[in-house]
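# Structure at a glance
Listed below, chain by chain, are the residues.
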Amino acid sequence: MAVFKQQVAKKAPNLKIGVIHWLRENLFSSVVNSVLTLLALYLIYLIVPTVVNWALFDATFAPVTNEQCGREGACWSYIIEKLDLFMYGFYPPESYWRPQWVLILALIFVWIAKLLKQHKYKTKIVTTLIIIYPIIALFLLYGGLSLEIVETHKWGGLMLTIVVATAGIVASFPIGVLLALGRQSKMPVIRFLSVVYIEFIRGLPLITILFMASVVLPLFFNEGMDMDKLLRALIGITLFQSVYIAEVIRGGLQVIPKGQYEAADAMGLSFVQKTGLIILPQALKISIPNIVGSFIALFKDTTLLLIIGLFDILSMVHLTSSDENWLGRSTEGYVFVMVVMWIILYSMSRYSKALELRYSTDHKN
Amino acid sequence: MEKIKSPLAFLNNNQIRAFLFQVIILVLIVSFFYNAVGNLLNNIESRGIHTGFDFLGVESGFDIAEHLIDYSSTSSNLRVFYVGLINTIVVSVVGIIFASIIGLVIGIARLSNNWLIAKLAGGYIELFRNIPILLQILFWYNLVLVSFPSPKQSFELFGSVFVNLRGIYLPKPIVTEGFIWVMVALVLGIALRALVKRHFNRVHDESGVETNTLAYSLLLLLVLPVMVYLILGSPMVFDYPVLKGFNFKGGMSLSPEFLSLAFALSIYTATYIAEAIRSGIESVSKGQKEAALAMGLTPRQSLRLVVLPQALKLAIPPIINQYLNLTKNSSLAAAIGYSELVSVFAGTMLNQVGQALEIIFMTMMVYLAISLMISLILNIVNHKMSIKER
């Protein structure tokens, strides 16, 4: 009987395993691909070292004056010195704890809502929190009672950006829901009005609406009603944003199957019960990722406050770089604001993507 | 026993309720507007505000840096409106063209099987999409002003293109008589090419024989106009920019405002176009491509005839929406002072004349008209592109 010695298996060829294989598959699979890879590498070589050198290796981080900073690299000392302005605008420094607490409270409330999970009174508690939070926030930011009043023209920086974006989305949400329902309504007058309003606003750039709110709007009110500049901007933003919220929610309403309406009718629910208990909860849940999406858009749009003379984080660049001690440092300012905005917007867009995956009920993946 | 009817029982009728509800809403809205207009009239009277559109005929009294039609400070205010409108359209069209090209390239690169290229394209999208457009406009504008050389130390290309912090200076083509025939030749070439294409398409439909029409296209679109141009003795001269004193004279120039606005708009909108194209291509199911290959189509054919038509059908509506967004975003030029509609008409002129109501109204109407036009185009495209199913 022949005895077969067990042979050692041949190793896979080097070209088919490991790094080399990966490189061949992904970077050099054909002549065209190789050329593209080299071009891309060259592009990276052109851009990355310049940017990194400017922003990190040649940059100054120490708290020194403008002259002591070199001209080759970035002068982050400027940002460090003006950081308070970038964050809070002209808000009085001894009151910085107030916006800080507004933020902390928001986190605490979100945490409470998470803790409750399926608690019996969850809906009631969450609703109460949602209603009282804006009141507390307004009280803390603006002041009143025993707190010193801080006029809104002193609000600024990232704080103002966040306040406007949040207030804008909160105020435009109910209007958006009503508009979306109106557009779906069977009543011709209501539908017509909603459609006209939505299409009218959607055709306009935000800046014309802000101009309108800051220049034309006061003409429509009684004389003597001197409206706050920030309030006027907020009205403009709400008018604008509610339309986009409405379109997002309409998208949600459209995918609710007809059977849901019919079942609610069959149960003898009134219109308000049907809408509030059956239709809206489902429609809103579907639209959550897109609502986050429109919050992102609104957050980007708050930079337009600069054009009507409010001091959001972007306008702080203008303001601080015209300080005669820090002339010629506007690039650092823009880059800093870009980084801050990018981090916020990128994390929000990731979050919206994650929500989309969590709520998606089709089994695509 | 007879049922006692409540006098309000008619309220239980759905139709009557709906009717009443609509009447109430209508009354509320009308009274709101009545009140607002009343306040408006009061305010106009008490503050002595001029009304009406007479101001459009008045001399404007200020200069505009960039105008494509004749304009001087003695021109009328209506002229200012036209200058702004034309500049808005110019920067939008330029932006749309570049955004489409960049977007297409990035969108396809995003799906490349080259790992590095795909990652670079993804990085590009994530980077520029998540920075507000106004910030980008200001950043590029600032970068031009800070880092470009003064006119005396301009970058020079081919001895006729100059780049400095005042903008880009290019030779300006001046057409002389006879150039019209070159244009005629070009139009003729385009028409003939369409005919040739149609002929070969018919041949293909009837016999299945495919013909490469590249040679014909080159001949008709390139060789024909160039031949005419040369035969007529080059009926076009160039006016070159020359450094005189502190600045360049002659030629044509693109201002830094225009450049940074167009650049930022293209870069930003391209990210959205790229995403639209990517999701269009990705949504065509794999089976379509496999079926096409199984039918014996080459990979190129299957991409061109099966995948792309379906992908474009999905991608084009969002892309057209992005064109609209780009046009609306061009109004942000107000921040850097490029002379478009919002900046020059609703900005400079509003400060001079002060008739906010009329000026803002006219500006809004322009954007509404543009967006209506674009949604009309969108509807037509949607209609044409809808796949005819049996």
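Being a predicted model, the structure only gives us computed values, none of them experimental.

### Side note on the overall build of chain B
Scanning chain B from terminus to terminus reveals eleven helices and eight strands. By principal-axis analysis of the C-alpha atoms, chain B measures approximately 95 × 70 × 45 Å. Expressed as a percentage of the 390 residues in chain B, the buried residues total 29%. Considering only intrachain contacts with a sequence separation of at least 6, the fraction spanning at least 24 residues in chain B is 66%.

### Overview of the overall build of chain A
Looking only at helices and strands, chain A has 13 helices and zero strands in total. Mapped from its N terminus to its C terminus, chain A presents α and β elements in the order α-α-α-α-α-α-α-α-α-α-α-α-α. Taking the principal axes of its C-alpha atoms as reference, chain A extends roughly 100 × 75 × 40 Å. Taking all 365 residues of chain A together, 30% fall into the buried category.

### Digging into the nonpolar core
In this structure, Leu135(B), Ile137(B) and Leu261(B) are the most contacted members of the largest nonpolar core, which totals 133 residues. When residues of this core are assigned to their parent elements, the largest contribution, 14 residues, is made by helix α7 (residues 256–283) of chain B. Leave out the neighbours within four places in its chain, and Leu135(B) touches Thr303(A), Leu314(A), Tyr334(A), Val337(A), Met338(A) and Met341(A).

### Comments concerning helix α3 (residues 76–88) of chain A
Residues and elements named next belong to chain A. Here α3 spans 18 Å end to end across 13 residues, near enough to the 18 Å set by a 1.5 Å rise per residue. Roughly 60° is the biggest bend found in α3, and it falls at Lys 82. Taken together, the buried residues of α3 touch α4 (97–116), α6 (157–184), α12 (313–321) and α13 (330–359). Positive phi appears at Gly 89, one or two residues downstream of α3, with a value of about 65°.

### Overview of the packing of helix α2 (residues 77–110) of chain B against helix α9 (residues 299–329) of chain B
Residues and elements named next belong to chain B. The geometry of α2 relative to α9 is characterised by a closest axis approach of 9 Å and an angle of 140° between their N-to-C directions. By the criterion of interaxial angle, the relationship of α2 to α9 is oblique. The two elements α2 and α9 meet at a crossing, and its hand is right-handed. Touching Ser 92, Gly 95, Ile 96 and Ala 99 of α2 are Tyr 323, Leu 326 and Thr 327, all from α9.

### Topic: the interface of chain B and chain A
Contacts between chain B and chain A engage 45 residues on the former and 41 residues on the latter. Elements represented by at least two residues in the side of chain B that touches chain A include exactly α1 (14–47), α3 (115–129), α4 (133–147), α9, α10 (341–353) and α11 (356–385) of chain B. A breakdown of the residues in the side of chain B that touches chain A according to their chemical character gives 30 nonpolar, 13 polar and two charged.

### Considerations on the sheet that holds strand β2 (residues 161–164) of chain B
Residues and elements named next belong to chain B. Read across the open sheet, the four strands follow the order β1-β2-β3-β8; overall the sheet is antiparallel. Unpaired on one side and paired on the other, β1 (155–157) and β8 (252–254) mark the two borders of the sheet. Taken over all neighbouring pairs, the strand axes of this sheet differ in orientation by 20° on average, direction set aside. Here strand β3 (residues 167–170) pairs with β8 via three bridges, running antiparallel. Considered in β8, the bridge of Ile 168 is made with Leu 254.

### Some thoughts on the environment of Ser242(A)
Residue and element names in this part refer to chain A. Residue position: Ser 242 is located in helix α9 (residues 229–254). Sequence separation between Ser 242 and Pro 134 is 108 residues, and the spatial gap between their C-alpha atoms is 18 Å. Those residues in contact with Ser 242 that lie beyond four places of it in its chain are Ser 172, Ile 175, Gly 176 and Leu 179.

### What about the packing of helix α7 (residues 188–202) of chain A against α9(A)?
All names here are of chain A. Contact geometry of α7 with α9 gives a least axis separation of 9 Å together with a crossing angle of 115°. Here α7 is positioned roughly perpendicular relative to α9, judged by the angle of their axes. Viewed along their axes, α7 and α9 form a crossing whose handedness is left-handed. Residues Ile 198, Ile 201 and Arg 202 of α7 pack against Leu 239, Phe 240, Val 243, Ala 246 and Glu 247 of α9. When the residues that make up the contact of α7 with α9 are grouped by side-chain class, the tally is six nonpolar, no polar and two charged.

### Notes on the pairing of β2(B)
Residue and element names in this part refer to chain B. Alternating positions in β2 separate cleanly, Phe 162 and Asn 164 being buried on one face and Val 161 and Val 163 remaining unburied on the opposite face. Note that β1 and β2 share three bridges and pair antiparallel. Paired with Phe 155 across the two strands is Val 163, which belongs to β2. A loop of three residues connects β1 with β2, the two strands running antiparallel in sequence, and Phe 158 in this loop sits at a positive phi of about 55°. When β2 meets β3, the two strands line up antiparallel, connected through three bridges. Bridge assignment links Asn 164 to a residue of β3, and that residue is Gly 167. With antiparallel pairing between neighbouring strands as the criterion, β2 and β3 make up a hairpin whose turn holds two residues.

### Details of α6(A)
Across its 28 residues, α6(A) extends 40 Å between first and last C-alpha, which sits within 8% of the 40 Å expected from 1.5 Å per residue. The largest bend in α6(A) is about 35°, located at Phe173(A), with the proline Pro174(A) one to four residues further on.

### Some words on the environment of Ser302(B)
Residue and element names in this part refer to chain B. For Ser 302, the location among the structural elements is in helix α9. Distance from Ser 302 to Ala 291, taken between C-alpha atoms, is 9.0 Å for residues eleven residues apart in sequence. Setting aside its immediate chain neighbours within four residues, Ser 302 contacts Lys 289, Ala 292, Leu 293, Leu 297 and Val 307.

### As for the confidence of the model for chain B
Looking at chain B, pLDDT values average 85 and 97% of them are 70 or higher. Across the whole predicted complex the pTM is 0.85, and at the interface the ipTM reaches 0.87.

Parameters and conventions
- Residues numbered from 1 in each chain as written.
- Chains lettered and ligands numbered in written order.
- Predicted model: local features only at pLDDT ≥ 70, side-chain atom pairs only at ≥ 80, totals over all residues.
- Helix = DSSP H or I, 4+ residues; strand = E, 2+ residues; numbered from the N terminus.
- Buried ≥ 20, exposed ≤ 12 C-beta atoms within 10 Å, placed from the backbone.
- Contact = placed C-beta atoms within 7 Å.
- Core = buried A, V, L, I, M, F, W, Y, C linked by C-beta atoms within 7 Å.
- Expected span 1.5 Å × (residues − 1).
- Bend = angle between axes of the 7 residues up to and from the residue.
- Axes fitted to C-alpha atoms, helices over the stretch in contact; angles between N-to-C directions.
- Parallel < 35°, antiparallel > 145°, perpendicular 65-115°, else oblique.
- Left-handed = near helix turned anticlockwise from the far one by under 90°.
- Nonpolar A, V, L, I, M, F, W, Y, C, P; charged D, E, K, R; others polar.
- Pairing = 2+ DSSP bridges.
- pLDDT = per-residue confidence, 0-100.

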